[in-house]
Amino acid sequence: MRIIFTLLFFLNLVIISKVALAETIQIEFTENDSYSLEIAYIDAGDTIEWLPKNEGHNVEFIAGPKMDELPNNSKINESHSVLFKTPGIYLYGCTPHLNMGMLGLIIVGNDFHNLNEVNKIELSYVANSVLNRLIRTAQSN
Ligand SMILES: [Cu+2]
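Just so we're clear, the structure is a prediction, and the values are computed from it rather than from any experiment. (Residues numbered from 1 in each chain as written. Predicted model: local features only at pLDDT ≥ 70, side-chain atom pairs only at ≥ 80, totals over all residues.)

### Observations regarding the sheet that holds strand β6 (residues 88-93)
Reasoning step 1: Read from one edge of the open sheet, four strands run β2-β7-β6-β4, paired in mixed fashion. Sheet topology places β2 (39-42) and β4 (60-63) at the edges, where each strand pairs with a single neighbour. The average undirected angle you get between the axes of adjacent strands in this sheet is 25 degrees.
Reasoning step 2: Bridge count between β4 and β6: three bridges; the pairing is antiparallel. Bridge pairing links alanine 63 to leucine 91 in β6.
Reasoning step 3: Across the face of the sheet, helix α3 (residues 125-140) comes into contact with β2, β6 and β7 (103-108) while running at roughly 30 degrees to β7. (Pairing = 2+ DSSP bridges. Helix = DSSP H or I, 4+ residues; strand = E, 2+ residues; numbered from the N terminus. Axes fitted to C-alpha atoms, helices over the stretch in contact; angles between N-to-C directions. Contact = placed C-beta atoms within 7 Å.)

### Regarding the nonpolar core
Reasoning step 1: Among the nonpolar cores identified, the biggest contains 24 residues, and Tyr90, Leu91, Leu103, Leu105 and Ile106 are the most heavily contacted of them.
Reasoning step 2: Of all elements in the fold, only β3 (47-51), β6, β7 and α3 reach the threshold of two or more residues within this core.
Reasoning step 3: The greatest single-element share of this core, amounting to five residues, is contributed by β7. (Core = buried A, V, L, I, M, F, W, Y, C linked by C-beta atoms within 7 Å. Buried ≥ 20, exposed ≤ 12 C-beta atoms within 10 Å, placed from the backbone.)

### What to know about the sheet that holds strand β1 (residues 24-28)
Through backbone hydrogen bonds, the strands of a sheet pair up, either in parallel or in antiparallel fashion.
Reasoning step 1: One open sheet accounts for three strands, arranged β1-β3-β5; its pairing is mixed. Two strands bound the open sheet, and with one partner strand each, they are β1 and β5 (80-83). Between one strand axis and the next, the sheet turns by 20 degrees as a mean value, whatever way the strands run.
Reasoning step 2: Sheet topology note: the β1/β3 ladder contains five bridges and is parallel.

### Side note on the UniProt feature "binding site: Cu cation" (unreviewed entry) in the protein
Reasoning step 1: Per the UniProt record, the feature "binding site: Cu cation" (unreviewed entry) sits at His57, Cys94, His97 and Met102. Across 46 residues of sequence, these annotated residues stay compact in space, with a maximum C-alpha separation of 9.2 Å.
Reasoning step 2: Looking at where histidine 57 falls in the secondary structure, it is placed in the loop between β3 and β4.
Reasoning step 3: Judged by the 24 C-beta atoms lying within 10 Å of it, histidine 57 falls in the buried class.
Reasoning step 4: Among the secondary structure elements, histidine 97 is positioned in the loop between β6 and β7. (UniProt positions renumbered as here; feature names shortened; annotations may be inferred.)

See the structure below:
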């Protein structure tokens, strides 16, 4: 019986430390029509919070490891937070400024398995060159 209690105690510690390790990373909309953090490296279970520090922007998800269940888009000028559970690459952009290259990547769990799908997304010339730069940076990290 004592062993069971001891096991339960340690199991609890593991669960509590897992929860305590989940992080929230903040990304701001900037006056340069960009996100303050272009590539976010997070673990599964972490949350990203976007803050409307500059007007006229939002977060629209374009690609992710599960294309049929992408995170919700946000409304313009509103803060938005998303908890990421599935490892992989997420691509998002600002609806009004996506064609100008206002986009960002989130790499969950250092997992690049859906890189080909992300590369296949059709974007404007400028957005595509920004995406290529971000992917090169992410891969060299
Ligand atoms: Cu924008």
